[in-house]
Amino acid sequence: MRKRRNAGRRNQARARVNQNKVAMLCITFVVCVLLVVLLFEGHSLKAKITANDGKTALLEQQIEEENQRTEDIGGLQDYMQSDEYLEKAAKEKLGLIRDNEIIFKESQ
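The present account deals with the structure reproduced in this document.

Parameters at a glance
Residues numbered from 1 in each chain as written. Predicted model: local features only at pLDDT ≥ 70, side-chain atom pairs only at ≥ 80, totals over all residues. Heavy atoms only, no water. Helix = DSSP H or I, 4+ residues; strand = E, 2+ residues; numbered from the N terminus. Rg over C-alpha atoms; globule rule 2.2 N^0.38 Å. Buried < 20%, exposed > 50% of the residue type's maximum accessible area, 1.4 Å probe, protein only. Areas by Shrake-Rupley, 256 points an atom, 1.4 Å probe, with all protein chains shown as cover. Lys, Arg positive; Asp, Glu negative; His and termini not counted. Charge placed at Lys NZ, Arg CZ, Asp CG, Glu CD. Phe/Tyr/Trp six-rings, centres within 6.5 Å; stacked < 30°, edge-to-face > 60°. Salt bridge = Lys/Arg side-chain N within 4 Å of Asp/Glu carboxyl O.

**A short note on the overall build of the protein**
Here is step 1 of the chain: Summing up its helical and strand segments, the protein has 2 helices and 0 strands in all.
Here is step 2 of the chain: Taking 2.2 N^0.38 as the reference for a compact globule, 108 residues should give roughly 13 Å; the C-alpha atoms of the protein span a radius of gyration of 43 Å, well beyond that estimate.
Here is step 3 of the chain: In the protein, which comprises 108 residues, the share counted as buried stands at 2%.
Here is step 4 of the chain: When the accessible surface of the protein is split by element, carbon and sulfur atoms take 59% of a total near 10800 Å².
Here is step 5 of the chain: The average position of the 18 basic charges and that of the 16 acidic charges among the side chains of the protein differ by 50 Å.

**Some details on the packing of aromatic side chains**
Here is step 1 of the chain: In the structure shown here, the tally under the stated rule is 1 aromatic pair.
Here is step 2 of the chain: Seen from their ring centres, Tyr79 and Tyr85 are 5.4 Å apart, and the 65° between their planes marks the pair as edge-to-face.
Here is step 3 of the chain: We classify Tyr79 as partly exposed; its relative accessible area is 28%.
Here is step 4 of the chain: On the accessibility criterion, Tyr85 (21% relative accessible area) is partly exposed.

**Considering the pattern of salt bridges**
Here is step 1 of the chain: Taken as a whole and assessed by the stated rule, the structure comprises 2 salt bridges.
Here is step 2 of the chain: Here Lys91 and Glu87 are joined by a salt bridge, their closest N and O atoms 3.5 Å apart. Placement of both Lys91 and Glu87 in helix α2 (residues 83-94) is noted, with a separation of 4 residues, approximately one turn of the helix.

Right, here's the structure in full:
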């Protein structure tokens, strides 16, 4: 009877060891799958970051161009409000002249 008990205990011990091995293999498999998924996601995120860096550079260039355009428009606005521009426009578009100004025309 004693041998049966010892044999039963050994079988139970072996069964627990086998269960532990199976559990460890399952855990190892799950961890490996998670690692592969994380590596794949990391790679795709790096690709997205690279694409976004390109877009950011393009948008910054466009902002710089628009800022320059805004400065040019501001300068043109200041010029158009000056007396010099008003005088030039009056001469070219309306044909007006100042007092004591002589206009020479080409003969045909």
